[in-house]
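The chain contents come next:
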Amino acid sequence: MIIAEQKPLVKIKEMLAGQQKVLVLGCGTCVTVCFAGGSKEVGILASSLRMAAKLEGQPKIVDEMTVQRQCEWEYIDPLLEKLDDYDAVLSLGCGVGVQALAERFPDKPILPGLNTSFMGLPTEQGVWEERCQACGDCILDLTGGICPIARCAKQLLNGPCGGSQNGRCEIDPAVPCAWHLIWERAEKLGLRDRLLAVQPPKTWTTSRDGGPRRIIRDDLRLPEEYRE
Ligand code: SF4
Ligand code: SF4
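Quick caveat, the model's predicted, so the values are computed rather than measured.

Cut-offs used in this document
- Residues numbered from 1 in each chain as written.
- Chains lettered and ligands numbered in written order.
- Predicted model: local features only at pLDDT ≥ 70, side-chain atom pairs only at ≥ 80, totals over all residues.
- Heavy atoms only, no water.
- Helix = DSSP H or I, 4+ residues; strand = E, 2+ residues; numbered from the N terminus.
- Rg over C-alpha atoms; globule rule 2.2 N^0.38 Å.
- Buried < 20%, exposed > 50% of the residue type's maximum accessible area, 1.4 Å probe, protein only.
- Near = heavy atom within 4 Å.
- 1 Å grid on protein atoms, 1.4 Å probe; cavity = no way out; pocket = protein on both sides within 12 Å on 5 of 7 lines; lining within 4 Å.
- Sits in = over half its atoms within 2 Å of the grid points.
- Nonpolar A, V, L, I, M, F, W, Y, C, P; charged D, E, K, R; others polar.
- Pairing = 2+ DSSP bridges.
- Axes fitted to C-alpha atoms, helices over the stretch in contact; angles between N-to-C directions.
- Points joined across faces, edges and corners; volume = space filled by probe spheres on them.

A. Inspection of the overall build of the chain at higher detail. In terms of helices and strands, the chain carries nine helices and nine strands. A compact globule built from 228 residues should have a C-alpha radius of gyration of about 17 Å, whereas the chain, at 22 Å, is more than 25% larger. Dimensions along the principal axes, computed over C-alpha positions, put the chain at roughly 65 × 50 × 25 Å. When each of the 228 residues of the chain is scored for burial, the buried share is 32%.

If you want it as structure tokens, here you go:
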């Protein structure tokens, strides 16, 4: 899932300076699960902003709302009339949610209350770790289900590098060496021989380096006359 964290309150206050009536809008999916932007966080942040405005003697109105998903028209279109009342929306959705709102409501300032961090996994309570960088050409079949693109600091396709020490990455002893994990897993699966083959350079044209990506499934698209 997409992992995000809230921007510091000072930064959020700066973004909202001069806006009289603000809607703090949460998202009920990924950012709820990682405790960054669900209805609970919306409530806490809205209260903090109200308190801060009161202490600073500013006449600010801060309302709160959470939609199921900010990244789908079907959930944000019903906001159309409600947003008329507000000078700005502080989105507690990921970057996709913020951009979906900005696209649907071009006349309304939509401000990001979160920093969208990565696609990851909650490995223990209160710990989220990166697992995928959406490279667009998944090679987990070659690496035993452990991603060297997201988890190796050098994104090596042939590893480990010389910096691996006792199973830890040279960037930080708290970080497991992805290639050490891959090697151990290959041993368990009896696939070590496969790892000995040298992997050629990866094509990055499917990744972000190739520009914004798009997936078109003609079998799922509406006939042309029904498209917006
Ligand atoms: S290889 Fe690419 S798509 Fe597969 S998990 Fe890693 S970054 Fe994600
Ligand atoms: S120590 Fe392991 S994870 Fe770190 S850069 Fe080298 S191969 Fe990659």
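After that view, the rundown keeps rolling.
B. Looking closely at the site of ligand 2. The full set of residues close to ligand 2 is Cys 152, Ala 153, Lys 154, Leu 156, Pro 160, Cys 161, Ser 164, Cys 169, Glu 170, Cys 177, Ala 178 and Trp 179. Mapping ligand 2 onto the cavity grids shows that it belongs to the largest cavity. A class-by-class count of the residues in the shell around ligand 2 yields nine nonpolar, one polar and two charged.

C. Looking closely at the site of ligand 1. Around ligand 1, the neighbouring residues are Cys 132, Gln 133, Ala 134, Cys 135, Cys 138, Ile 139, Leu 140, Cys 147 and Ile 149. Split into classes, the residues belonging to the shell around ligand 1 amount to eight nonpolar, one polar and no charged.

D. Geometry of the sheet that holds strand E6 (residues 114-124). Here three strands make up an open sheet; going across it, the order is E1-E6-E7 and the pairing antiparallel. For this open sheet the edge positions go to strand E1 (2-6) and strand E7 (127-132), each flanked by a neighbour on one side alone. Put simply, the sheet's adjacent strands are angled 70° from each other on average, direction ignored. Pairing analysis gives five bridges linking E1 to E6, with the strands arranged antiparallel. Bridge pairing in E6 links Ile 3 to Phe 118.

E. Structural view of empty space enclosed by the protein. Applying the stated rule across the entire model yields two cavities of 30 Å³ or more. Its volume calculated, the largest cavity comes out at about 90 Å³. A breakdown of the residues in the lining of the largest cavity according to their chemical character gives nine nonpolar, two polar and three charged. The space that makes up the second largest cavity amounts to roughly 40 Å³. Lining the second largest cavity are Asp 141, Leu 142, Thr 143, Gly 144, Ile 182, Ala 186, Leu 191, Arg 194 and Leu 195. Secondary structure elements with two or more residues in the lining of the second largest cavity: helix H8 (178-189) and helix H9 (192-196). Along the lines of polarity and charge, the residues of the lining of the second largest cavity split into five nonpolar, two polar and two charged.

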